[in-house]
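Now for the letters of each chain:
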Amino acid sequence: GYMRTVQFFGYGPLKNRSFIKTIIGRDPGMGKPAIVEGFQLAYQTLEQIPKNVRSILEKVWGAGFRAYTLRSGPGIVAGVIWELTEAELIRLRQWDFIGSWRELADVRARTSSGESVVVVSDMVSDVQPIKDTVDGILYQENLNPEGTRIVEEYFREEELDRVREQLKEMQLLHHQPHIA
């Protein structure tokens, strides 16, 4: 049957095909390289992240955890557009604490072929603090290489599921409706 899909703009570690595969449980294919304009690539450190998610992030990734976000401003950020099912987007929401820390927003992206498309991406709200901004084109994809190694090498699938369950419970506990 026809399944609705979502065009998701992944940046930072989410532009990495194998990272997306780890989260959604399916190889997403090549994706489409793209940029978003009117954004800078910023990052948060652990102490800038809301308390309710900080402890689990620290447990999984360590005290040096840093997270990228898009921040409105003059600039461009490079990433990849992935075509995800709605179920896969939900897995991504759980993984990325969307609702309790980050939020989804529609952004306009330009593909390498020059096509302009509206896509969904995730970021923290503009009222959350950031540490700094970095070059949105030539940036280190993953700010937490140790954590990724842990995820890839040591987390068996059931352990990932257990973490996902914890994230889900935390999200239910801490979910605050987004006030527009």
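Above: the structure in question.
Computed from a prediction, not measured in an experiment: that's the story for all the values here. (Residues numbered from 1 in each chain as written. Predicted model: local features only at pLDDT ≥ 70, side-chain atom pairs only at ≥ 80, totals over all residues. Heavy atoms only, no water.)

Chemist: Before we go on, may I ask you to explain the packing of helix H1 (residues 17–24) against helix H3 (residues 86–95) in this structure?
Modeler: What describes two packed helices is the angle between their axes and the distance between those same axes. Between H1 and H3, whose axes approach to 9 Å, the crossing angle comes to 95°. It follows from the interaxial angle that H1 and H3 lie roughly perpendicular. Of H3, the residues touching H1 (which contributes Phe 19, Ile 23 and Ile 24) are Glu 88, Arg 91, Leu 92 and Trp 95. (Axes fitted to C-alpha atoms, helices over the stretch in contact; angles between N-to-C directions. Helix = DSSP H or I, 4+ residues; strand = E, 2+ residues; numbered from the N terminus. Parallel < 35°, antiparallel > 145°, perpendicular 65-115°, else oblique. Contact = heavy atoms within 4.5 Å.)

Chemist: Just to check I follow, could you spell out the packing of aromatic side chains for this structure?
Modeler: Two aromatic rings are characterised by how far apart their centres lie and by the angle between their planes. In total, this model carries 7 aromatic pairs according to the counting rule given. With a centroid separation of 6.4 Å and 85° between ring planes, the pair formed by Trp 61 and Trp 95 is classed as edge-to-face. You can see Trp 61 sitting in helix H2 (residues 51–61) and its partner Trp 95 sitting in helix H3, a full 34 residues away along the chain. There is no split in this pair, since Trp 61 and Trp 95 are both buried. (Phe/Tyr/Trp six-rings, centres within 6.5 Å; stacked < 30°, edge-to-face > 60°. Buried < 20%, exposed > 50% of the residue type's maximum accessible area, 1.4 Å probe, protein only.)

Chemist: Looking at this model, I keep getting lost on the pattern of salt bridges. Mind explaining?
Modeler: Where side chains of opposite charge bring their charged atoms close, a pairing between them can arise. Inspection of every chain in the model, using the stated rule, returns 8 salt bridges. A salt bridge links Arg 4 to Glu 86; the nearest nitrogen and oxygen atoms lie 3.4 Å apart. Of the two residues, Arg 4 sits in the segment before strand E1 (5–10) while Glu 86 sits in helix H3, which places them 82 residues apart along the sequence. A salt bridge links Arg 102 to Asp 96, with the nearest nitrogen and oxygen atoms 3.8 Å apart. The same class applies to Arg 102 as to Asp 96, namely buried. Linked through salt bridges whose partners overlap, the residues forming this network are Asp 96, Arg 102 and Asp 122. (Salt bridge = Lys/Arg side-chain N within 4 Å of Asp/Glu carboxyl O.)

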